[in-house]
Amino acid sequence: MGQHAKSLPSTIGTETGISYSGSRMRNGFNERGVMSGNRLRLSKRAAHDLFLIVSGLLLVAWAAYQFTLFSALAGEISHEKHIDLYESVLLGLLLCFSIWIFAWRRQRELRDHTALRAEAEQRAAEAEMRALHDPLTGLGNRAKLDVSLADIVSGKDATPSSGRVALLLLDLNRFKQVNDRFGHPMGDTVLKIVALRLRSSVRATDAVFRLGGDEFAVIADDTSRTTSTHGPGFAEAAAEEIIDAIDQPMIVDRRTIAVGVSIGIAYFPQPGSTAQELMEKADIALYAAKNEGRATDRSCYRVGTASVIGLVRRNHAPG
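Values in this document were obtained by computation on a predicted structure and should not be read as measured data. For every chain, the first residue of the written sequence is number 1, and numbering continues from 1 along that sequence. In view of the model being predicted, local features appear only for residues whose pLDDT reaches at least 70, and side-chain atom pairs are presented and counted only at 80 or more, with totals across whole chains, interfaces and linings using the full set of residues. The side-chain quantities take in all heavy atoms of the structure and omit both hydrogens and water.

## So, the sheet that holds strand 2 (residues 207-212)
And step 1. Strands pair, by our definition, only if DSSP identifies at least two bridges between them. Every helix listed is a DSSP run of H or I at least four residues long, and every strand listed is a run of E at least two residues long, numbered separately from the N terminus. Spatial strand order, 2-3-1-6-7: five strands in an open sheet with mixed pairing. Among the strands making up the open sheet, the edge pair consists of strand 2 and strand 7 (300-303). Pairs of neighbouring strands in the sheet enclose a mean axial angle of 20°, with direction left out of account.
And step 2. Contacts are residue-level and defined by heavy atoms, with any inter-residue pair within 4.5 Å sufficient. The angle between two axes is taken between their N-to-C directions and runs from 0 to 180 degrees, where each axis is a line fitted to C-alpha atoms and a helix contributes only its stretch in contact. On the sheet, helix 8 (residues 275-296) packs against strand 1 (165-173), strand 6 (260-268) and strand 7 and is oriented at approximately 150° with respect to strand 6.

Dropping the structure here:
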């Protein structure tokens, strides 16, 4: 029944260094609108500046050709229409100065555009973090779990070579007593520690979620497992590792806190499996594990097999 017999080295202290690691998903509509509008404004400004530069140079060149500017300034009247050496130098200096002004304005606008784009990307990443991640632990939330399950069932998410994944639903034991006795700030700290222990006890290819309250979930796949845990029972092995990690006492503000965990497991693929059916099977298995845990006062897990599901449903049939 998944009763664990292992022990971890020592008590883990205040492991509250949670960091957000969500993927950077852009808010496509808003960001594209902001960036395209900004690019259009930059293009209009550049075209306007070029028009002013070309118009000014043409006007000065025409005046130099018509009036021989430096001769007129010296008091000499000449009716020859040409551009002399001094006027050529003046036109060259004006051209260089105009190009320098144009390049300076473009560089400043490009810097502003880059800053605006970075700000838009940061806002999009923060919006994605809020939408798909739990603010307390940084884990994926229920919405992200729903998206992940839908991708797995539909085949959009790459599955391991064996094609086997498992959903593990977790519910902490004795967590309500922690909240009632020590208060919600202590409970939040315990949840952060549990999140860290879950991350450290599962494989890099597994995904961890917090569904709310003291409920967590793990999507585990059949990769990166040792020979002894590779195969049909890989989720049971993952559950054992999770139980070993969660059962260890934690020290918070010089108090020793001990919680346990009940785990329900459902495998995919199974004939006719949908994301909803996968959740239901894991939830029924979790219910059976909680019942057994209350009877034995130990952490345990159950797999959502047909016999377990039938037993739970018979016990809760009306009348």
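That was the structure; now back to the text.
## As for the packing of aromatic side chains
The geometry of an aromatic ring pair comes down to the distance between the two centres and the angle between the two planes.
And step 1. Any two rings among Phe, Tyr and Trp, with Trp reduced to its six-membered ring, count as a pair given centres within 6.5 Å; such a pair is stacked if its planes are under 30 degrees apart, edge-to-face if over 60, and tilted if neither. This structure, assessed with the given rule, holds one aromatic pair.
And step 2. With 5.5 Å between their ring centres and 75° between their planes, Phe 234 and Tyr 267 make a pair best called edge-to-face. Placement of the pair is Phe 234 in helix 7 (residues 234-247) and Tyr 267 in strand 6, with a sequence separation of 33 residues.
And step 3. Residue burial is assigned from relative accessible area. The probe radius is 1.4 Å, only protein chains are included, and a residue is buried under 20% of its type maximum, exposed over 50%, and partly exposed in between. Among the residues examined, Tyr 267 registers a relative accessible area of 7% and is labelled buried.

## Focus: a nonpolar patch on the surface
And step 1. Patch definition: residues with relative accessible area over 30% and no salt bridge; like charges joined within 9 Å; nonpolar side chains (Val, Leu, Ile, Met, Phe, Trp, Tyr) joined within 5 Å. Methods summary: accessible areas were calculated by the Shrake-Rupley approach with a probe of 1.4 Å, and residue burial reflects only the protein chains presented. Each reported salt bridge corresponds to a side-chain nitrogen of Lys or Arg within 4 Å of a carboxyl oxygen of Asp or Glu. Taken together, the side chains of Phe 97, Trp 100 and Trp 104 present a nonpolar region at the surface, about 380 Å² in accessible area.
And step 2. Topologically, Trp 100 is positioned in helix 3 (residues 85-132).

## Examining the nonpolar core
And step 1. For our purposes a nonpolar core is just a set of buried Ala, Val, Leu, Ile, Met, Phe, Trp, Tyr and Cys residues, chained together by side-chain atoms within 4.5 Å. Judged by nonpolar contacts, the single largest core of 37 residues is most densely connected at Leu 168, Leu 170, Ile 242, Ile 263 and Ile 265.
And step 2. Looking at this core, the elements with two or more residues in it are strand 1, helix 5 (175-182), helix 6 (184-201), strand 3 (215-221), helix 7, strand 4 (250-252), strand 6 and strand 7.
And step 3. Filtering out sequence-adjacent residues up to four positions away, Leu 168 remains in contact with Phe 216, Ala 217, Val 218, Ala 220, Ala 235, Ala 238, Ala 239, Ile 242, Ile 263, Gly 264 and Ile 265.

## Let's talk about the pairing of strand 6
And step 1. Of all nine residues in strand 6, nine are buried; the element is thus mostly enclosed.
And step 2. Neither face of strand 6 is open: one carries Gly 260, Ser 262, Gly 264, Ala 266 and Phe 268, the other Val 261, Ile 263, Ile 265 and Tyr 267, and all of them are buried.
And step 3. The pairing of strand 1 with strand 6 spans nine bridges and is classified as antiparallel. Counted as the bridge partner of Ala 166 is Tyr 267 from strand 6.
And step 4. Summarising the sheet, strand 6 and strand 7 pair through four bridges and their orientation is parallel. Bridging from a neighbouring strand, Ser 262 pairs with Cys 300 of strand 7.

## Let's talk about helix 6
And step 1. Here the expected length of a helix is defined as 1.5 Å per residue gap, with one fewer gap than residues. Spanning 18 residues, helix 6 covers 25 Å between terminal C-alpha atoms, matching the ideal 26 Å at 1.5 Å per step.
And step 2. Residues of helix 6 that are buried: Met 186, Gly 187, Thr 189, Val 190, Leu 191, Ile 193, Val 194, Ala 195, Arg 197, Leu 198 and Ser 201.

## Section: the environment of Ile 246
And step 1. Tracing the chain through its elements places Ile 246 in helix 7.
And step 2. Given a relative accessible area of 1%, Ile 246 falls into the buried group.
And step 3. When the C-alpha atoms of Ile 246 and Arg 197 are compared, they prove to be 6.7 Å apart, with 49 residues separating the residues in sequence.
And step 4. Apart from the residues lying within four places of it in its own chain, the contact partners of Ile 246 are Leu 172, Val 194, Arg 197, Leu 198, Val 259, Gly 260 and Val 261.

## Some points on unusual backbone geometry
Keep in mind that most residues, glycine aside, have a negative phi and that most peptide bonds are trans.
And step 1. Looking along the chain, the bond that leaves Phe 268 and enters Pro 269 is cis, with omega of 5°.
And step 2. Of note, Pro 269 is situated in the loop between strand 6 and helix 8.
And step 3. Even without being a glycine, Arg 174 presents a positive backbone phi close to 65°.
And step 4. In this structure, Arg 174 sits in the loop between strand 1 and helix 5.
And step 5. What makes Arg 174 partly exposed here is its relative accessible area of 33%.
And step 6. The backbone phi angle of Arg 254 is positive, close to 65°, even though this residue is not glycine.
And step 7. Its location among the elements puts Arg 254 in the loop between strand 4 and strand 5 (255-257).

## Focus on the pattern of salt bridges
Should their charged atoms come close, side chains of opposite charge can pair.
And step 1. Counting across every chain of the model gives nine salt bridges.
And step 2. For Glu 119, the salt bridge goes to Arg 123, with nearest N and O atoms at 3.0 Å. Of the two residues, Glu 119 and Arg 123 both sit in helix 3, four residues apart, roughly one turn of that helix.
And step 3. Of the charged contacts, one joins Glu 241 and Arg 203 as a salt bridge, the two residues approaching to 2.9 Å between their closest N and O atoms. Within this pair, whereas Glu 241 is found in helix 7, its partner Arg 203 is found in the loop between helix 6 and strand 2, the two being separated by 38 residues in sequence.
And step 4. Taking relative accessible area as the criterion, Arg 203 reaches 19% and is therefore assigned buried.

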